[in-house]
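# Notes for the structure review
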Amino acid sequence: MKHLVNKGLLLLAAFVLIYTQHIAVSTRLIAAMLLSMIASAVCPALSGISSSDKCEADTDTHHLHTIMYICEALICMYLITAFKIHAIYMFVPIVSYDIPRYRLRIPFVLLILLTIIAYIQNPAVIFLPEVCLLVFSLILSTYSCRIDSLRAKLLSMRDDTAEHDLLVAQNTRQLLENQDNMILTATLSERNRIAREIHDNVGHMLTRSILQTGAIKVINHDEHLTKPLEQLQSTLDTAMDSMRKSVHDLHDESVNLRLALEDITKNVQGMGISLDYDMSDHIPKDIKYSFINIVKESINNTLKHSNGDHMDIRLREHPAFYQLAITDNGHDITIEGQGMGLAGIQERVNMLGGTMKLSTDRGFAILITVMKKEEHDI
C-alpha cells in the first residue's frame, strides 16, 4: 500500500510538472500516461508471480531468474520508448520507482545513460525539472525499501525475542521440575534410610526387651511382680506394633514408582524395553505396588510365552484415572483362557477397582485403567 501511495504522489507531481510547463493535454499525453501506468505494474505483477512460484517450488530458481530477466527487458524497452517520445518521459519517474525496489541493474544503467543524452539534447530549463523528479523518485524508492528492510528486521528480532523468551521459560520450567524431582528423590531416600535405621536399631532393641520380659515372667515367683511384668510386656508389644506400622508406612511413602520401574526394566536381558512415564509424584501406595507387580508379571510372561523382542510400557495420569499400557511386538499370539500370570494381574486390577483389556491384534497388549478415588472415599 505504501508503494502505491508513493507512485500516486509521483503521478500527481507529473501532472503538476505538465501544468507548470503549459503542456497541452492531448490524446497522445493520455495514452503515454496509460502506457506508463501499465509499465509501472509490470515489476509488481511479475514479482508476485515469482513469489507464488517460489512458495510452490523452492528449487525452480531458473524459472524465477527467467521472470526477472523478462521484467528487466520490458522496463528497458519502455525507457527507450520514453526517450524517443518526450510525452512519455513525463511519467518515467513512476516506472523508475521500481528500479531500486527490485534491484534492476540493467534498467538502472540504461536510465542514467538515456537521462544524460536527453539532458544534452534538450534545453536545461525544460528538462531539469523532469530530471529532479526522476532523482526524487529514485531516492523515495530507496528510502521506502530501507524502511521495509528495517521493519522486516524489527519483526524478525521480535519473533526471535519471543522465541527466546519461550525457550527460557521452558528451560526454567524444566529446571524447576528437575529440582523438584531431585528434592523428592532425596526426601524419599532419607525416608527409606530412617525406616531402615528404626527397623534395625529400635526394632531389635524392642524385640530383645520383649524376649527378656518373657524370660523374666517365666522365672518369676513373686506374685507382686506378675501383673507389672504383664503390663510391661503388653506395653512393649504395643510399642513394637506401632513401630512396625510406622516403619511400614514410611517405607511405602518412600517408594518412587518411576525409579522402581526403571530398576526393573534396565535389568531385563534379551528384550528391549522402553518406559514412557507421565504421572505425578503423589500416587496411592496400593496403585504403586500393584503397577510394580503387574509390570514384573508382564515382563515374565513376555519372556516366557511371547516371540517378540521389544516391549513398550506407558504410564499416564489423567484428571480422573490412572492408566497402564503394556505392549510387545510378538506375532501369532493366542490366549487360551487365562494362565496364572494373567489371573494374578486381573486379581490385582479387581482389588484396585479398575478394568483390564487384552488385545492380540498387533502383538500382545494389556490396557489397565484405574479410576481415582475421591478424598472422602480414601
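For the structure itself, consult the block above.
A short tour of the structure in this document, coming up. (Residues numbered from 1 in each chain as written. Predicted model: local features only at pLDDT ≥ 70, side-chain atom pairs only at ≥ 80, totals over all residues. Heavy atoms only, no water.)

Below, the discussion takes up the overall build of the chain. When its secondary structure is counted, the chain shows 13 helices and five strands. Relative to its 378 residues, the chain shows a buried fraction of 34%. A separation of at least 24 residues holds for 71% of the contacts in the chain among residues at least 6 apart in sequence. Carbon and sulfur atoms provide 61% of the accessible area of the chain, an area that totals close to 24,300 Å². (Helix = DSSP H or I, 4+ residues; strand = E, 2+ residues; numbered from the N terminus. Buried < 20%, exposed > 50% of the residue type's maximum accessible area, 1.4 Å probe, protein only. Contact = heavy atoms within 4.5 Å. Areas by Shrake-Rupley, 256 points an atom, 1.4 Å probe, with all protein chains shown as cover.)

The next point concerns the side chain of Ser-40. Within the element layout of this structure, Ser-40 appears in helix α2 (residues 27–40). In terms of polar contacts, Ser-40 uses its side chain to reach the backbone carbonyl oxygen of Met-37, at 2.6 Å. Discounting residues that sit within four places of it in the chain, Ser-40 has contacts with Lys-7, Ile-94, Val-95 and Asp-98. (Polar contact = N/O pair within 3.5 Å; in protein donor to acceptor, adjacent residues only side chain to side chain.)

Secondary-structure assignment places Val-268 in the loop between α11 (257–266) and β1 (272–278). In sequence terms Val-268 and Leu-303 are 35 residues apart; their C-alpha atoms lie 9.4 Å from each other. In this view, Val-268 contacts Ile-273, Ile-299 and Leu-303; residues no more than four positions away in its chain are not counted.

Attention now moves to a nonpolar patch on the surface. Residues Phe-108, Val-109, Ile-112, Leu-113, Ile-116 and Ile-120 make up a contiguous nonpolar surface patch of roughly 560 Å² in combined accessible area. Accessibility expressed as a relative area gives 47% for Ile-116, which makes it partly exposed. (Patch = residues over 30% accessible without salt bridge, like charges linked within 9 Å, V, L, I, M, F, W, Y side chains within 5 Å. Salt bridge = Lys/Arg side-chain N within 4 Å of Asp/Glu carboxyl O.)

Spatial ordering of the open sheet is given by β1-β2-β3-β5-β4, a layout of five strands whose pairing is mixed. If you trace the sheet from one side to the other, it starts and ends with β1 and β4 (355–359), each paired once. Strand-to-strand, the axes of this sheet are offset by a mean angle of 10°, without reference to chain direction. Bridging between strand β3 (residues 321–328) and strand β5 (residues 365–371) involves seven bridges; their strand directions are antiparallel. Across the sheet, residue Ile-326 finds its bridge partner in β5, namely Ile-366. Across the sheet, α11 touches β1 and β2 (310–317), and the angle it forms with β1 is around 175°. (Pairing = 2+ DSSP bridges. Axes fitted to C-alpha atoms, helices over the stretch in contact; angles between N-to-C directions.)

Turning our eyes to something else, we now look at the pattern of salt bridges. Within this structure, the stated rule accounts for six salt bridges. In this structure, Asp-98 and Lys-7 form a salt bridge, with 2.8 Å as the shortest nitrogen-oxygen distance. Taken together, the positions of Asp-98 in helix α7 (residues 98–101) and Lys-7 in helix α1 (residues 2–20) put the pair 91 residues apart, joining distant regions of the chain. Here Asp-98 falls in the buried class, since its relative accessible area comes to 1%. Residue class for Lys-7 comes out buried when judged on its relative accessible area of 10%. Notably, a salt bridge pairs Asp-148 with Arg-151, separated by 3.4 Å at the nearest N-O pair. Here the residue Asp-148 and the residue Arg-151 both occupy positions in helix α9 (residues 124–219), the gap between them amounting to three residues, near one helical turn. Connected through salt bridges with shared partners, the residues Lys-7, Asp-98 and Arg-101 form a single ionic network.

Moving on, we get to the environment of Leu-29. Within the element layout of this structure, Leu-29 appears in helix α2. On the accessibility criterion, Leu-29 (7% relative accessible area) is buried. Sequence spacing of Leu-29 and Phe-91 is 62 residues, and the spatial spacing of their C-alpha atoms is 9.8 Å.

Our focus in this paragraph is the pairing of β2. As paired elements, β1 and β2 share seven bridges and run parallel to each other. The residue of β2 that forms the bridge with Tyr-277 is Leu-315. Across seven bridges, β2 lies against β3 in antiparallel orientation. Residue pairing in the sheet places Leu-315 in a bridge with Leu-324 of β3.

Turn by turn, an α-helix covers 3.6 residues, leaving residues three or four places apart pointing in a common direction. For α11, the full list of buried residues reads Leu-257, Ala-260, Leu-261, Ile-264 and Thr-265. One side of α11 carries all its buried residues, which in axial view fall inside an arc of 125°. Each element contacted by the buried residues of α11 is listed here: β1, α12 (285–305) and β2. (Arc of directions from axis to C-beta.)

Before going further, it helps to spend a moment on the packing of aromatic side chains. Given two aromatic rings, their pairing is described by the distance between the two centres and the angle made by the two planes. For the coordinates displayed, the defined rule picks out zero aromatic pairs. Directly above the aromatic system of Tyr-322 lies the positively charged group of Lys-372, at a separation of 5.2 Å from the ring centroid. (Phe/Tyr/Trp six-rings, centres within 6.5 Å; stacked < 30°, edge-to-face > 60°. Lys NZ or Arg CZ within 6 Å of the ring centre and 35° of its normal.)

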